[in-house]
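The lines below spell out each chain.
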Amino acid sequence: MFVKICGLSEPEHVEAAVEAGADAIGFVLTASPRRVSPARAAELAALVPGHVLTVGVFMGEPVEQVRQAATAAGVGAVQLHGRHPHADFTALKDLGRTLVRAVAADADLRTGAFDEDLLIVDAPRAGAGQPWDWAAVRGRPSGHWLLAGGLDPANVRQAIAEAGPWGVDVSSGVEISRGVKDSALIRSFLRAARS
């Protein structure tokens, strides 16, 4: 099970995620309580070993801004969240980074349909931390796709059983308060996702 821990902003949480075996670590570079600057993301990304994918998360920014921020942050992947047009992904291909498309379940759920490498299927209201009907997407997404939205250490096994994803992505489910991660919850989530 591929596991992405998203919205990290402190070195100790990055280290906890890496030590617990996360496959990807996300830094939010868009408007959010979890937002970090590209410079801060670069500092945090420098703590991540090469086998773990670092992801810059964007939502609605123009392609040129995404390009500049992702380059400054030094991340290995760019995640465009929400209704970005196909042209945005095509325009970022030359960056040579992994492209991630994050959408709600009512979007085109074929991985690669927008030239992306990975697909994330998220809750109807992204970032709300509320469970949703995970079973509704079972069998619909194709290729390498991650389930997100309302996941936490207590429900991730159920969500995986219901949706059958290739991987999972968590942010608020490993927080003790909005935007504040917890190392113990990060470790618990990774254990539960892989059990």
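Residues numbered from 1 in each chain as written. Predicted model: local features only at pLDDT ≥ 70, side-chain atom pairs only at ≥ 80, totals over all residues. Heavy atoms only, no water.

**Student:** If you had to explain the nonpolar core to someone new, which residues and values would you point to?
**Tutor:** Of all hydrophobic cores here, the largest spans 54 residues; its most connected members are I5, F27, L147 and F189. Every residue in contact with I5, bar those within four places of it in the chain, is listed here: A17, A22, A24, I25, G26, V170, V174, I186, F189 and L190. Core analysis: the next-biggest nonpolar cluster, separate from the first, contains 14 residues, F2, C6, V100 and I120 among them. (Core = buried A, V, L, I, M, F, W, Y, C linked by side-chain atoms within 4.5 Å. Buried < 20%, exposed > 50% of the residue type's maximum accessible area, 1.4 Å probe, protein only. Contact = heavy atoms within 4.5 Å.)

**Student:** Describe the sheet that holds strand β4 (residues 77-81), listing the residues and the values that go with them.
**Tutor:** Taken in spatial order, the 8 strands line up as β1-β2-β3-β4-β5-β6-β7-β8 and close into a barrel, and their pairing is parallel. On average, each strand axis in the sheet is inclined to that of its neighbour by 25°, with strand direction left out of account. Sheet topology note: the strand β6 (residues 118-122)/strand β7 (residues 145-148) ladder contains 3 bridges and is parallel. The residue bridging I120 from the neighbouring strand is L146, located in β7. Relative to the sheet, helix α6 (residues 183-194) contacts β1 (2-5) and β8 (167-170), its axis offset from that of β1 by approximately 160°. (Pairing = 2+ DSSP bridges. Helix = DSSP H or I, 4+ residues; strand = E, 2+ residues; numbered from the N terminus. Axes fitted to C-alpha atoms, helices over the stretch in contact; angles between N-to-C directions.)

**Student:** Give a description of the packing of aromatic side chains that names residues and reports values.
**Tutor:** Pairs of aromatic rings are described using the distance from one ring centre to the other and the angle between the two planes. In total, this model carries 2 aromatic pairs according to the counting rule given. Ring plane angle 20° and centroid distance 4.8 Å describe the contact between F2 and W166, whose orientation is recorded as stacked. Separated by 164 residues along the polypeptide, F2 in strand β1 and W166 in the loop between α5 (156-163) and β8 bring together distant segments of the chain. Residue classification places W166 among the partly exposed positions, given a relative accessible area of 31%. An angle of 85° between the planes, with centres 6.0 Å apart, marks the rings of F89 and F114 as edge-to-face. One end of the pair, F89, is in helix α4 (residues 86-92); the other, F114, is in the loop between β5 (98-104) and β6, and 25 residues separate them in sequence. The same class applies to F89 and to F114, which are both buried. (Phe/Tyr/Trp six-rings, centres within 6.5 Å; stacked < 30°, edge-to-face > 60°.)

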